[in-house]
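Here is what each chain is made of, one letter per residue.
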Amino acid sequence: MHAYNPSKIEKKWQSYWLENKTFRTPEDEEKPKYYVLDMFPYPSGDGLHVGHPEGYTATDIVARYKRMNGYNVLHPIGWDAFGLPAEQYAIRTGTHPKQTTERNIGRFREQLQMLGFSYDWDREVNTTDPDYYRWTQWIFLKLYEMGLAYQDEVPVNWCPDLGTVLSNEEVIDGKSEVGGFPVVRKPMRQWMLRITEYADRLLEDLEDLDWPESTKEMQRNWIGRSIGADIEFEIKGHDDSLRVFTTRPDTLFGATYMVLAPEHHLVEELTTNEQRDDVEAYREEAAKKSDIERQEMNKEKTGVFTGSYAINPASGEEIQIWVADYVLAHYGTGAIMAVPGEDERDWEFAEKYGLPIIRTVEPPEDFDGKAWTGEGKSINSGFLDGLEIEEAKLKMIEWLEEQGKGQKSVNYKLRDWLFSRQRYWGEPFPIVHVDGVPKPLPEDVLPVTLPEVDDFKPTRTGEPPLARAKEWVETTDPESGKPALRETNTMPQWAGSCWYYLRYISPEFDGGPVEKKKENYWMPVDLYVGGSEHSVLHLLYARFWHKVLFDCGVVSTDEPFQKLVHQGMILGEMEYTAWRRGGEYLAPDSPKIEEEGVERVRLSETDVEKRGEKFYLKGSDVEVEARAYKMSKSRGNVINPDDIVRQYGADALRLYEMFMGPLEQVKPWSTRGVEGVYRFLNRVWRLMIDEKSGKLHSHLSDEQPTRDQLKALHEAIKKVTEDIDEMRFNTAISALMVFVNEANQWENLPKEVLESFLLILSPFAPHLAEELWSRLGHEKSLAYELWPKAEEDYLKSETVMYPVQVNGKVRGEIHVDADKAKQKELVLEAAKAEKNVSRYLESGELVKEIFVPGKIVNLVVKE
RNA sequence: GCCCGGGUGGCGGAAUUGGUAGACGCGUCGGAUUCAAAAUCCGAUGGUGGCAACAUCGUGCGGGUUCGAGUCCCGCCCCGGGUACCA
């Protein structure tokens, strides 16, 4: 038997590519370059899941395609290997994270090679390698030098039971996501990066990037730039004044009270003796809650009066100053002027505590709601009355500036980046503390490597695990020779991924993170593919670092990633579910399905039928829920790529993942669908190989291809080429299938045609294409063959078909010689003569003729 | 609540600028091959009516523009993702 045997040919070609270094990045700079990048994976213990090959196949297709189009292609891969899972595993088992990481990387590498990706394996980077993090530390020194890294005492989410700080995302309802342990807010000395300094550039430079609009929008929202004014309020009986930020200076006349965040530095001073107990109690209560809890408990606003009064600078009225946790300490100045008439939050608060409300914008006549936040003319606002909001804002700012009571101001939601973690498995900071003062280490002592410790668990006091390495911590300042203590915090996982795309360019270079000349050639990344879950964090942090590196002359572009695409998530297989209690079925939306004794019934596709909008158990009225879920271990719907490759081969997996639908879209897995593309690959095989003899089929010939054959081929070339350019891989594959379906009908197959076909198939199913290519007598890999060009000449057909409509409905079609197809009169003549069309013309009066050359004929007939 | 996506056969999806709605694949049904099955090959496959030719309805719902609307405009509904007291 000589059937298509993917496991055999795939292994063969994978070793061929590795041994011959087929995909080594060219070192010459004569050809145009193309840098195609995947978001590198965190090598988890679970190995690859089917989501990884989705994006990786897409970039691999593009990489292979670009090589065949004469580009020098840089297509690397590496490992984002610092991180919590390896450390948690180390805490549990005592295995050094280095070992876990190494083992996992080995597995990932094997799996990626098994899928036939054309990476340059000589450029692998690993963020945990001291030769790599040496440069992560070097970049940190640059940040420090530029005044962008600083230490600050900030409250963090500290989880004593896990012995670590957690990010906001890792805290749910005041408990740790992992294990459900309590989390407390605790001020700790932390390293911060001044990303806010770059807020404007990060915002403005989004403009020119070829990124998904939604991702750009998320970054814009995250940066959250808003324009307004800072206004100074005098405090009755105090020298201090209160400054607030507002985007609505036009509403100043309606500011009827003020609110300070509980953490505001003036709270204590402004609290009168009668109010002190209440205010203290309120602040204490607020301090206990995490940010997240505060947001959760926001159903009803709370607050207390300080007893002090401020003066509204516009109206001159005395207004009460309150403390309430609906005002955030870290946004603006931590204090607001409250304008209940124009702000829903303030309205709610004012109503609850009986504070005065003044409208300053005329609501529409039929408006009967509370705060009015829409457009309108100013009212009750002295010199602003009658103005529209925008004009009123300008005039108020002008007035404030004249009075010296305020000025135009811009604020950001973006906060500085908390850059340190109390963990072991991360990059050490290149910092020592001499006499308690942090001091950067000189470049030439880098890397500061991780010391060995006997316990990876942080201490209960919050001291990082590195503090246990006494001999490492206690060192001397290489410059002054004084005793010094090393920084024991480590960098967060984002650090290494902020610049890895630069290291690929010159992975061995030891004069800096990247070699200047090569950087100049390869940057920016032309295509970057990865999940949308990194829309803000990774992609914002990396852009920030890149801009810093640009400012200090390390890189030549001000943005790293020119084009960005997110692959959509792959869900588990479609599930049909009914619920039953006793013998009785329950409706899917019944609240009873959560109850005990209710049994879940998994149904197969053949058990259900669709009626109207809903699915039912066949032949019954039992409603069935039909949907696909996220893959998860607990649900048991995880598809393992290894299994798929074993059964159908890597080419089938690659092809299926691209054929499922548009790359960016969320889509459910279907193993049946894999079988479909597997059948297609088999048809390709049998088209050329005689399964009895295992040799080339006898109907392969050296004859000249016919016109029809050339037409079929060049239509496929055209479609596949355009579709790869636009990253529409699903329709490209469909075009390949159409060609094979047609070629299967042919009596003889000119090799010339098949060769071109194999070339356009090769980015998608590289193993099969290489195998058949070599069987056609080629000695070298097809990886650098020239991509075939679609010849317009062959695409022309001898006749042109026109659908003929009567009143916009298709009633027939006509075929016209191609050279006469643009002749209006002739085409209309033929159209009117068509038999099913003519009967409509007989029964009515022809009032209008629409002729769209090459497209359609429409005849408008009246009654 | 707000901001983005998206609703097309039994299913995944196609229709590139307003021009034959349903390419390609899955599934289903029928046939060929086979002792039988798997595999393979051929054919049919949106609904309804009809022996058929054909007609009619049909792209979430309701309107509109147009010779012609899945595609454009107005008003809704539903689903997915993000975000949330940011003054």
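What comes next is a walk through the structure.

Thresholds, definitions, all that
Note that residues are indexed from 1 along each chain, following the sequence as it is written. As they are written, the chains are lettered A onward and the ligands numbered 1 onward, keeping that order. Only residues with pLDDT of 70 or above have their local features reported here, since the model is predicted, and side-chain atom pairs are shown and tallied only from 80 upward, although totals for entire chains, interfaces and linings are computed over all residues. The basis for the side-chain values is all heavy atoms of the structure; hydrogens and waters are excluded. Summary of the distance rule: residues count as near a molecule or strand when at least one heavy atom falls within 4 Å of that molecule or strand. Polar contact is defined as a pair of N or O atoms within 3.5 Å, subject to the rule that within protein one atom must be able to donate a hydrogen and the other to accept it, and that residues adjacent in sequence are counted only when both atoms are side-chain atoms. Throughout this entry, Asp, Glu, Lys and Arg are counted as charged residues, while Ala, Val, Leu, Ile, Met, Phe, Trp, Tyr, Cys and Pro are counted as nonpolar. The remaining residues, Gly among them, count as polar. Distance thresholds for patches are 9 Å for like charges and 5 Å for nonpolar side chains (Val, Leu, Ile, Met, Phe, Trp, Tyr), applied to residues having over 30% relative accessible area and no salt bridge. Only the protein chains shown count as cover for residues, with accessible areas throughout obtained via the Shrake-Rupley method and a probe of 1.4 Å. What counts as a salt bridge is simple: a side-chain nitrogen of Lys or Arg found within 4 Å of a carboxyl oxygen of Asp or Glu. Counted as positive: Lys and Arg. Counted as negative: Asp and Glu. His and the chain ends are not counted at all. Note that the charge is assigned to NZ on lysines, CZ on arginines, CG on aspartates and CD on glutamates. Think of it this way: any DSSP run of H or I at least four residues long counts as a helix, any run of E at least two long counts as a strand, and we number them from the N terminus. Partly exposed residues are those whose accessible area sits between 20% and 50% of the maximum for their type, while under 20% is buried and over 50% is exposed, using a 1.4 Å probe and protein chains only. Cysteine sulfur atoms that pair up within 2.5 Å are treated as a disulfide. A pair of strands is treated as paired once DSSP finds two or more bridges between them. Contact definition: two residues touch when any of their heavy atoms are within 4.5 Å.

Right, let's get into the protein's contact with RNA strand B. Close to RNA strand B lie 56 residues, the nearest being Thr247, Lys301, Arg345, Met801 and Asn858. Note that a base oxygen of RNA strand B is positioned 3.0 Å from one of the side-chain N or O atoms of Lys719. Here Arg839 contributes a side-chain N or O atom positioned 3.2 Å from a sugar or linking oxygen of RNA strand B. Considered class by class, the residues forming the surface near RNA strand B number 21 nonpolar, 16 polar and 19 charged.

A cluster of acidic side chains, namely Asp129, Asp131, Glu508 and Asp510, defines a negative patch on the protein surface. With respect to the helices, strands and loops of the structure, Asp510 is situated in the loop between helix H15 (500-503) and helix H16 (516-522). According to the relative accessible area criterion, Asp510 is exposed, its value standing at 56%.

Moving on to the state of the cysteines. Put plainly, two cysteines are in a disulfide when a covalent bond ties their sulfur atoms together. With the rule as written, the count across this model stands at zero disulfides. The thiol of Cys498 is unpaired, and the distance to the nearest cysteine sulfur, on Cys552, comes to 14 Å. Residue Cys498 is classed as buried on the basis of its relative accessible area of 1%. Residue Cys552 is classed as partly exposed on the basis of its relative accessible area, which comes to 28%.

Pairing in this open sheet of four strands is parallel, and the strands run E2-E1-E22-E23 from one edge to the other. Both outer strands of the open sheet, strand E2 (72-74) and strand E23 (564-565), are each paired with one neighbouring strand and no more. Relative to E2, strand E1 (residues 33-38) runs parallel, the two sharing three bridges. Its bridge partner being in E2, Tyr35 is matched across the sheet by Leu74.

On to the pairing of strand E9 (residues 184-193). Direction of pairing for strand E5 (residues 149-159) relative to E9: antiparallel, over a ladder of 10 bridges. Counted as the bridge partner of Pro155 is Pro187 from E9.

Attention now goes to the side chain of Thr271. Of note, Thr271 is situated in the loop between helix H8 (267-270) and helix H9 (276-288). Of note is the side chain of Thr271, whose polar atom sits 2.6 Å from the backbone oxygen of Val267. The contacts of Thr271, once residues within four sequence positions are left out, are Arg276, Val279 and Thr306.

Under the defined criterion, the tally for this structure stands at 52 salt bridges. For Arg107, the salt bridge is made with Asp642, and the minimal N-O distance between the two is 3.8 Å. Of this pair, Arg107 sits in helix H4 (residues 97-114) while Asp642 sits in helix H18 (residues 641-648), placing them 535 residues apart in sequence. For Arg107, a relative accessible area of 33% translates into the label partly exposed. The exposure class assigned to Asp642 is buried, which follows from its relative accessible area of 16%. We note a salt bridge from Arg646 to Asp643, for which the minimum N-O separation is 3.2 Å. Here Arg646 and its partner Asp643 are both found in helix H18, three residues apart, which amounts to about one turn of the helix. On the accessibility criterion, Asp643 (37% relative accessible area) is partly exposed. Put simply, Glu27, Asp120, Arg123, Glu515 and Lys518 are held in one network by salt bridges that share partners.

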